[in-house]
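Working through the structure, step by step
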Amino acid sequence: MDTALPFSTSGGSFLRDYVNYARAICDAPEEYHVGVALALFGAAVADRIAIPRGPVPIPPMLWVILVGRSRHDRKTTAINIGTSIASKTALSQRLIQGTASAEGLQRLLAEYPTRLIAYPEFGRFLEDTTGGSYATKTRRLMMELADPIQGEFKHDLAKGTKTKITNPRLGVLGGCATTFLQYKTKREDWEGGFFGRSILIYARRDRNDEMQAPDPHVEESLTRRLEFITTAQIPRCGGFTRAADDMLHQWDKINDAKSTQTNDLVSTFYGGMCTTAWKLAMIYSLDRGFANQDGWLIDEASAYHAIMFCEHIWRPSFEKLAEKIVVDNDTVTLYRSEQVVESNGAAGASKSDIARATRLTEKRVTEAVNSLLLARRIYKAHRPDGTEVYLHETFKQE
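Residues numbered from 1 in each chain as written. Predicted model: local features only at pLDDT ≥ 70, side-chain atom pairs only at ≥ 80, totals over all residues. Heavy atoms only, no water.

Some details on unusual backbone geometry
With a phi close to 50°, N167 is a non-glycine residue in the positive phi region. Examined against the element boundaries, N167 turns out to sit in the loop between β5 (162-166) and β6 (169-177). The exposure class of N167 is partly exposed, given its relative accessible area of 26%. (Helix = DSSP H or I, 4+ residues; strand = E, 2+ residues; numbered from the N terminus. Buried < 20%, exposed > 50% of the residue type's maximum accessible area, 1.4 Å probe, protein only.)

Observations concerning the pairing of strand β7 (residues 199-202)
The side-chain alternation of β7 yields two buried faces, one formed by I199 and I201 and the other by L200 and Y202. Bridging between strand β1 (residues 63-68) and β7 involves 4 bridges; their strand directions are parallel. When the bridges of β7 are listed, I65 appears paired with L200. (Pairing = 2+ DSSP bridges.)

Remarks on the layout of surface pockets
Of the voids in this model, the largest pocket is the one considered here, and its volume is about 400 Å³. If you go around the largest pocket, you meet 22 residues; those closest to its centre are A146, D147, R197, T275 and K279. Mapped onto the lining of the largest pocket, the elements with two or more residues apiece are α6 (136-146), β6 and α11 (264-287). Counting residues per element, the lining of the largest pocket draws most heavily on α11, which supplies 6 residues. (1 Å grid on protein atoms, 1.4 Å probe; cavity = no way out; pocket = protein on both sides within 12 Å on 5 of 7 lines; lining within 4 Å. Points joined across faces, edges and corners; volume = space filled by probe spheres on them.)

Notes on the side chain of T230
By the element assignment, T230 lies in helix α9 (residues 216-231). Residue classification places T230 among the buried residues on the basis of a relative accessible area of 2%.

Thoughts on the pattern of salt bridges
Enumeration over the complete set of coordinates arrives at 23 salt bridges. Residues E393 and R204 are paired through a salt bridge, measuring 2.9 Å at the closest nitrogen-oxygen approach. Of this pair, E393 sits in helix α16 (residues 393-397) while R204 sits in the loop between β7 and α9, and the two are 189 residues apart along the sequence. Overall, the relative accessible area of 7% leaves E393 in the buried class. Look at R204 and you get partly exposed, because its relative accessible area is 32%. For R356, the salt bridge identified is with D353, shortest N-O distance 2.5 Å. Note that R356 and D353 are positioned in helix α14 (residues 351-358) at a spacing of 3 residues, about one turn of the helix. The exposed category is assigned to R356, whose relative accessible area is 59%. (Salt bridge = Lys/Arg side-chain N within 4 Å of Asp/Glu carboxyl O.)

Considering the environment of T136
Here T136 shows up in helix α6. As for T136 and A102, which are separated by 34 residues in sequence, their C-alpha atoms are 8.4 Å apart.

So, empty space enclosed by the protein
Going through the model one piece at a time under the given rule, you end up with 2 cavities of 30 Å³ or more. In this structure, the largest cavity spans a volume of roughly 60 Å³. Around the largest cavity sit G68, R69, S70, A177, T178, T179, E342, R377, H392, E393 and T394, which together line it. Those elements giving two or more residues to the lining of the largest cavity turn out to be α7 (178-183) and α16. Residues belonging to the lining of the largest cavity are distributed by class as follows: 1 nonpolar, 6 polar and 4 charged. Size it by volume and the second largest cavity reaches roughly 30 Å³. Residues of the lining of the second largest cavity, tallied by class, amount to 2 nonpolar, 2 polar and 5 charged. (Nonpolar A, V, L, I, M, F, W, Y, C, P; charged D, E, K, R; others polar.)

Considering the packing of aromatic side chains
All told, the structure shown has 14 aromatic pairs when counted by the stated rule. Ring centres of F269 and F318 lie 4.5 Å apart, and the angle between their planes is 5°; on these two criteria the pair is classed as stacked. With a gap of 49 residues between them, F269 in helix α11 and F318 in helix α12 (residues 300-324) connect regions that are remote in the sequence. Here F269 matches F318 in class, with each residue buried. The ring centre of W278 lies 4.7 Å from the NZ or CZ of R53, which sits over that ring. Sitting over the face of the ring of F194, R139 holds its NZ or CZ atom 5.0 Å from the ring centroid. (Phe/Tyr/Trp six-rings, centres within 6.5 Å; stacked < 30°, edge-to-face > 60°. Lys NZ or Arg CZ within 6 Å of the ring centre and 35° of its normal.)

Points about the nonpolar core
Ranked by internal contacts, the top residues of the largest apolar core, which has 109 residues, are Y18, L38, F122, L181, F195 and F309. Ranked by the residues each element gives to this core, the list is headed by α11, at 14 residues. Residue contacts for L38: discarding those within four places in its chain leaves L15, L62, L280, I283, Y284 and F309. Residues A349, I354, A368 and L372 belong to the second largest nonpolar core, which totals 12 residues. (Core = buried A, V, L, I, M, F, W, Y, C linked by side-chain atoms within 4.5 Å. Contact = heavy atoms within 4.5 Å.)

Digging into α11
Between its first and last C-alpha atoms α11 spans 35 Å; for 24 residues at 1.5 Å apiece the expected length is 34 Å, and the two agree. Taken as a whole, α11 carries its principal kink of about 40° at M273. The element α11 is extensively covered by neighbouring structure, given that 21 of its 24 residues are classed as buried. Looking one or two places after α11, you find G289, whose phi comes out positive at around 130°. (Expected span 1.5 Å × (residues − 1). Bend = angle between axes of the 7 residues up to and from the residue.)

Shown next as structure tokens:
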């Protein structure tokens, strides 16, 4: 983790101190806490700073989605720790606790164009905005705002009205169960760029520590520092040092080569890795202390740690998830069958239970059960009376 989360050389890293605080009060995977800290930091500075690359400067706004097992890996808790601290600072003005209305999101952005949407239940958002529902307008709007926009953004609202937003900056911090990504998304969500713009952090909780009470002194210190990060003036960034630029360029060439050797679900992530690394490098550089003059440069150490985050946290996550994504015609059957097994908890579900709940034929249930067993999503057990049942993987791990 040290390579992806550098120590501060100036005596106080908000990112590292936040992660140490969060991991002491929540045994979620440490990667989750890193992702939350980066999302908060990016949203705190994106209204005042951007990387001078290409025709439009790139603000360090991030889409971070924590992925793991439902009720087990503490995704929501990890997010809530971060939003709780943010709610006590000026960053609270930019925080949106989920929305399914495109009109509402546009109005909020018109009021304050830098926003971080917190979706602790991002799977619910995916479900609400899938297909031809009214809420799909929200997803389309978010896609339009995902790339940097300089100047005025105009978008049609209902009844022919328009909302004008100046320099919109939209970030996302979400938590999503693996099963939702498996069964509630479509191939175009992955290949079309929606998830390709996101830092998916897929991890499993490997600690079962006794959670400590929050230290009020540490919490107060983090709150004060996040307030400073959100409100302090930041001199204009001049880009990267030559060494940092060369390092990122060489790494991007390697990713380009890898993208041609992978399937389409994975290649979309490789295409956006370098841009995300630029953003992360800026955040890491600012975390070491704000510069005091215009034209400051992001150094090689910040670029290195950004690459290490992508290589050791992000890339393994999207590669593992790509192996789990099911895009054939049996996705709904598998999803419904697995949901029945999971909802039955420790009692398990028999094939008859699954058939009654899903109204599937015996043959379809058997096919679904066999597929889930092969994928190790469920496992076989027996009730005291000898009835064969199936339990969800979550109960086997606990």
